[in-house]
Amino acid sequence: MLCICQGPTLRTSPAGAPGKVHRLDAGMVQRALAATVGLACEHSNTIQHRWNGRAVLTIQERRIRKGASGLVLSEAAALRAAGDPLLAEMLPEQVERTVVSETVGPQESWTSPSVVHLCTERAGQPVALADFPDGFAFGNGVTCNSWVRLSCGESKLLSWCVLTPAAWTRHRADAGAREALRQIFEGV
Amino acid sequence: MKITNPAIYGTPALVLGTANAEGSATTAVRTDATLAAFDATAPVTQASADVAAVGVAAVAARRDHRHGMPTISASALTRAGGNTTEASTTSTVRVSISTSTVSIAVGTPILVWAALRKSAGAATNAEVGVTMNATEVDHSTSWCSSTDRAESGVLLGRYFYGQASYLRAGLLETNEGTTPTTSTTGALRADMPAVTLTSLIINGRVINALITMFVDEVHVYALAVA
């Protein structure tokens, strides 16, 4: 499920190089997790982790051209075969996705020991899921170098990933895998 | 009256005025006498829209005198917050990508500016939106093409914060730079919060996890109302 680590990720641009510092991005981390640790991330567009749990979404999709449902490809091909190209003109298309329902359940999470409060009132205490503000969305996949404003007002730079259920089972059982994941995000 | 011989000198009592007058003293002024032309009263502090005035003081102003000046009001456009750390995501559902901590009162016009980009890796696009405090006021705005290539663009949000109306007083516009296109969202999807804005989040997602979406250079500006 949800693994939260301290940001920023390791830099990829050489020290002293001019311009903005480049760092490991979400795609790089995602590939490293799969290639070096064998941990797969959740990519289903029906699974969203949030501040209040793991949401399973029911999605309705419609293909829209100029604001109206358009031809599917097979229909367009049939019209082109009929000899009238204007009828089968491929207009710019959008896919409209609407969440028609959702079920929010509990979520399991792991937070790196590096992620602790720095504010005076709670200095050194681990950051928990309850510290994330209402409305906050962890999504799925990998997210890196995101500034987060915790409920206590403290801003932290964090990275996180959402693992598939199988990868999460292994992550829970294998301390080596947990440490390898942490090092990919935070370095040695 | 003729001057006396020998002359009798006195302390000057010349008065600065608007017309010449003979005077009535019977004493003369030495060439190295001191005339009371100035005093130690500081000039007034001016205010905007002050009306011109002749003045009535019987003393002159020194060459290097200074008037107090009114305080220049704050800039009409103030950067209220933002961050310049590039965040990235491969999430295929909405994720809070980048949070800016601000403090903006209800009724303030605001501008939100952010740089966007996506990587190559799949023929798919990405979406972006804005969350204010805990309210997702906009989401699922497609900002790039579905071509399998790296693309970059900008997000510009214009809002009359806290205004609730049938238009919800906001507009989110995105522009993708490789092939200049503009995607504009009209009325917001939800009313903005009616309390002070403390957190503005750029949210978004990719349609396929084989590409990465980036958000950088987020700047939130507040405009003076008057």
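The rules behind the values
Residues numbered from 1 in each chain as written. Chains lettered and ligands numbered in written order. Predicted model: local features only at pLDDT ≥ 70, side-chain atom pairs only at ≥ 80, totals over all residues. Heavy atoms only, no water. Helix = DSSP H or I, 4+ residues; strand = E, 2+ residues; numbered from the N terminus. Buried < 20%, exposed > 50% of the residue type's maximum accessible area, 1.4 Å probe, protein only. Contact = heavy atoms within 4.5 Å. Areas by Shrake-Rupley, 256 points an atom, 1.4 Å probe, with all protein chains shown as cover. Salt bridge = Lys/Arg side-chain N within 4 Å of Asp/Glu carboxyl O. Axes fitted to C-alpha atoms, helices over the stretch in contact; angles between N-to-C directions. Parallel < 35°, antiparallel > 145°, perpendicular 65-115°, else oblique. Left-handed = near helix turned anticlockwise from the far one by under 90°. Nonpolar A, V, L, I, M, F, W, Y, C, P; charged D, E, K, R; others polar. Pairing = 2+ DSSP bridges. Arc of directions from axis to C-beta. Expected span 1.5 Å × (residues − 1). Polar contact = N/O pair within 3.5 Å; in protein donor to acceptor, adjacent residues only side chain to side chain. Buried area = accessible area lost by both parts, 1.4 Å probe. Core = buried A, V, L, I, M, F, W, Y, C linked by side-chain atoms within 4.5 Å. pLDDT = per-residue confidence, 0-100. Disulfide = S-S within 2.5 Å.

**Remarks on the overall build of chain B**
So, point 1. In terms of helices and strands, chain B carries zero helices and eleven strands.
So, point 2. Expressed as a percentage of the 226 residues in chain B, the buried residues total 36%.
So, point 3. For chain B, the share of sequence-separated contacts (at least 6 apart) that also reach a separation of at least 24 residues comes to 71%.
So, point 4. Carbon and sulfur atoms form 56% of the exposed surface of chain B, whose accessible area is close to 12800 Å².

**Side note on the overall build of chain A**
So, point 1. For chain A, the count of helices and strands is four helices and nine strands.
So, point 2. Counted from the first residue to the last, chain A has its helices and strands arranged as β-α-β-β-β-α-β-β-β-β-β-α-α.
So, point 3. Across the 188 residues in chain A, those meeting the buried criterion constitute 40%.
So, point 4. Long-range pairs, those at least 24 residues apart, make up 66% of the contacts in chain A with a sequence separation of at least 6.
So, point 5. Taken as a whole, chain A presents about 9500 Å² of accessible surface, with 57% of it coming from carbon and sulfur.

**Some remarks on the pattern of salt bridges**
So, point 1. Per the stated rule, a full pass over the model turns up 13 salt bridges over all chains.
So, point 2. One salt-bridge network, held together by shared partners, links K20(A), D216(B) and E217(B).

**Concerning the packing of helix 1 (residues 26-37) of chain A against helix 4 (residues 175-186) of chain A**
Residues and elements named next belong to chain A.
So, point 1. Packing of helix 1 against helix 4 leaves a shortest axis separation of 10 Å and a crossing angle of 150°. Relative to helix 4, the element helix 1 lies roughly antiparallel. Seen along the crossing, helix 1 lies across helix 4 with a hand that is right-handed. Facing helix 1, whose interface residues are V29, A32, L33, T36 and V37, helix 4 presents A177, A180, L181, I184 and F185.
So, point 2. Of the residues that constitute the contact of helix 1 with helix 4, the class distribution is nine nonpolar, one polar and no charged.

**Notes on the sheet that holds strand 3 (residues 95-104) of chain B**
Residue and element names in this part refer to chain B.
So, point 1. Pairing is antiparallel in the open sheet, where four strands are placed in the order 3-10-5-6. A single partner strand is all that each edge strand has here, and the edge strands are strand 3 and strand 6 (135-142). The mean angle between the axes of side-by-side strands here comes to 15°, regardless of whether they run parallel or antiparallel.
So, point 2. Here seven bridges tie strand 5 (residues 126-132) to strand 10 (residues 197-206), and the two strands are oriented antiparallel to one another. For A126, the partnering residue across the bridge sits in strand 10 and is V206.

**Focus on helix 3 (residues 165-173) of chain A**
Residue and element names in this part refer to chain A.
So, point 1. For helix 3, every residue scored as buried is listed here: A167, W168 and H171. One face of helix 3 carries all of its buried residues, which in axial projection span an arc of 100°. Those residues of helix 3 that are exposed and angled more than 90 degrees off the buried face are A166 and A173.
So, point 2. Where helix 3 is buried, its residues contact strand 1 (2-6), strand 6 (109-111) and helix 4.

**Let's talk about helix 1 of chain A**
So, point 1. Here helix 1 of chain A spans 16 Å end to end across twelve residues, near enough to the 16 Å set by a 1.5 Å rise per residue.
So, point 2. Within helix 1 of chain A the residues assigned to the buried category are A26(A), G27(A), V29(A), Q30(A), L33(A) and V37(A).
So, point 3. Buried residues along helix 1 of chain A sit against strand 8 (142-149), strand 9 (155-162), helix 3 and helix 4 of chain A together with strand 2 (87-89) of chain B.
So, point 4. One side-chain oxygen at the N-terminal end of helix 1 of chain A lies 2.9 Å from the backbone nitrogen of G27(A); it belongs to D25(A).

**Some remarks on the interface of chain B and chain A**
So, point 1. Listed by partner, the interface residues are 30 residues for chain B and 32 residues for chain A.
So, point 2. Counting each side, the surface lost to burial between chain B and chain A is near 2300 Å², with a carbon and sulfur contribution of 45%.
So, point 3. Seen at the junction of chain B and chain A, the total is two salt bridges.
So, point 4. With a closest N to O distance of 3.0 Å, K20(A) and E217(B) form a salt bridge.

**Overview of the nonpolar core**
So, point 1. F132(A), W160(A), M132(B), Y159(B), L200(B), I202(B) and M213(B) are the most contacted members of the largest nonpolar core, which has 45 residues in total.
So, point 2. For this core, the secondary structure elements donating two or more residues are strand 1 and strand 9 of chain A together with strand 3, strand 4 (109-118), strand 5, strand 7 (151-160), strand 10 and strand 11 (213-223) of chain B.
So, point 3. Counting residues in hydrophobic clusters, the runner-up holds 21 residues, among them V142(A), L163(A), A167(A) and I184(A).

**Some points on the confidence of the model for chain B**
Residues and elements named next belong to chain B.
So, point 1. Per-residue confidence for chain B gives a mean pLDDT of 84, with 88% of residues at or over 70.
So, point 2. No element of chain B has a lower mean pLDDT than strand 9 (residues 181-185), which averages 62, and none a higher one than strand 2, which averages 97.
So, point 3. The complex prediction reports pTM at 0.75, with the ipTM value standing at 0.83.

**A look at the state of the cysteines**
Cysteine pairs can be covalently joined through their sulfur atoms, and such a bond is termed a disulfide.
Residues and elements named next belong to chain A.
So, point 1. Taken as a whole and assessed by the stated rule, the structure comprises zero disulfides over all chains.
So, point 2. For C5, which is in no disulfide, the shortest distance to another cysteine sulfur is to C161 and amounts to 6.6 Å.
So, point 3. The structure places no disulfide on C161, whose sulfur is separated from the nearest cysteine sulfur, that of C3, by 4.3 Å.
So, point 4. On the basis of relative accessibility, which here comes to 0%, the residue C161 falls in the buried class.

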